[in-house]
Amino acid sequence: MTAFQGNLQPITLNASVQQALGKHMLTCYPHEACGVLLGAAAAGGMRIDRYLPMRNVAPDPLHAFVPDPQEWVAALYLKPAPVGIFHSHPHTAPWPSSADIRGLSSLGAEFQVYLIGSPGLSSSAPRLNGFLIGRQPDATGKPSCRLLHSALTLC
Ligand SMILES: [Zn+2]
């Protein structure tokens, strides 16, 4: 495919972030939960240290997420800026939807990590998938974004 292949860095979450994500997914259920991830590039990958939950103000929060604009703008001014975004799929597996893919281009280049969680309320256990946001020029030279499934490790 591309140069990104074979070059995928792991995403590391600390235990408190993992707990915060799980808690927020349950609090928001049956709506989608959303928020941003704070962290940094770490040796050989990305390290996520903190989760900042946000209100989901989507008109249809059962099937979509739109972070509260005020909380979103405030987060963008943090130093250092958020490195990732999280949302949940309350009813489906944590894989990117076509709407998720379309929304990638609106994220600034500082966003490198994309996490999707499923609370797993019915029969399955909670699940979390981690992706790196790949940006490459398309045939017309415009940046095109895609998600690269990455290894998620907990520490
Ligand atoms: Zn989604």
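Structure's up top.
A brief report on the enclosed structure follows. What you see is a predicted model; the values in this text were computed from it and never measured.

Procedures and definitions
By convention here, each chain's residues receive numbers from 1 onward along its written sequence. With the structure being a predicted model, the display of local features is reserved for residues of pLDDT at least 70 and the display and counting of side-chain atom pairs for 80 or more, all residues being used for whole-chain, interface and lining totals. Derived side-chain values reflect all non-hydrogen atoms in the structure, with water molecules and hydrogen atoms excluded from consideration. Paired strands, in this sense, are two strands between which DSSP finds at least two bridges. Put simply, DSSP H or I for four residues or longer makes a helix, DSSP E for two residues or longer makes a strand, and each gets a number counted from the N terminus. For every element, the axis is a line fit to its C-alpha atoms; helices are fit only across the contacting stretch, and the angle between N-to-C directions ranges from 0 to 180 degrees. Two residues qualify as a contact provided that any one of their heavy atoms is within 4.5 Å of a heavy atom in the partner residue. What counts as a salt bridge is simple: a side-chain nitrogen of Lys or Arg found within 4 Å of a carboxyl oxygen of Asp or Glu. For each residue, the accessible area found with a 1.4 Å probe, counting protein chains only, is set against the maximum for its type, and the residue is called buried under 20%, exposed over 50%, and partly exposed in between. Donor atoms (N, O, S) are those found within 2.8 Å of the metal centre, with the cutoff raised to 3.2 Å for Na, K and Ca; water is not part of the atom list, so apparent gaps in a site can occur. Here a site with four donors is tetrahedral if all angles are between 85 and 135 degrees, and a site with four or six donors is square planar or octahedral if opposite donors are over 155 degrees apart and the other angles are between 65 and 115; anything else gets the irregular label. Each Phe, Tyr or Trp ring (for Trp, its six-membered ring) is paired with any other whose centre lies within 6.5 Å, and the angle between the two planes then decides the class: stacked below 30 degrees, edge-to-face above 60, tilted in between.

Examining the sheet that holds strand β8 (residues 152–154)
Inference 1: Reading across from one edge, β7-β6-β5-β4-β2-β3-β1-β8 is the order of the 8 strands in this open sheet, with mixed pairing throughout. The open sheet has two free edges, formed respectively by β7 (143–150) and β8, since each of these has just one partner strand. Pairwise comparison of adjacent strand axes, ignoring direction, gives a mean angle of 30 degrees for this sheet.
Inference 2: Strand contacts of helix α1 (residues 15–28): β1 (11–13), β2 (34–42), β3 (45–54), β4 (84–88), β5 (113–118), β6 (127–137) and β8, with the helix running at about 35 degrees to β3, the strand carrying the most contacts.
Inference 3: In this fold helix α2 (residues 69–76) packs onto β2, β3 and β4, with an angle of close to 145 degrees to the strand it touches most, β3.

Structural notes on the pattern of salt bridges
Inference 1: Per the counting criterion, the structure on display carries 2 salt bridges.
Inference 2: Ionic pairing is found between Arg 47 and Asp 49, a salt bridge with its closest N-O pair at 2.7 Å.
Inference 3: Residue classification places Asp 49 among the partly exposed positions, given a relative accessible area of 31%.
Inference 4: One salt bridge connects Asp 68 with Arg 55, and the closest N-O pair in it is separated by 3.0 Å. Of the two residues, Asp 68 sits in the loop between β3 and α2 while Arg 55 sits in the loop between β3 and α2, which places them 13 residues apart along the sequence.

Some details on the coordination of the zinc ion
Inference 1: Coordination of the zinc ion by the protein is provided by His 87 (NE2), His 89 (NE2), Asp 100 (OD) and Asp 100 (OD), with metal-donor distances spanning 2.0 to 2.5 Å.
Inference 2: Around the zinc ion sit 4 donor atoms; with metal-centred angles ranging over 56 to 159 degrees, the donor geometry is irregular.
Inference 3: Donor residues for the zinc ion sit on one chain with the sequence pattern H-x1-H-x10-D.
Inference 4: We classify His 87 as buried; its relative accessible area is 1%.

A short note on the packing of aromatic side chains
Inference 1: For the structure shown, the criterion picks out 3 aromatic pairs.
Inference 2: Note on Tyr 51 and Phe 86: the rings are 5.4 Å apart at their centroids and 85 degrees apart in plane angle, and the pair reads as edge-to-face. Placement of the pair is Tyr 51 in strand β3 and Phe 86 in strand β4, with a sequence separation of 35 residues.
Inference 3: Classification of Tyr 51 as buried rests on a relative accessible area of 8%.
Inference 4: Residue Phe 86 is classed as buried on the basis of its relative accessible area of 0%.

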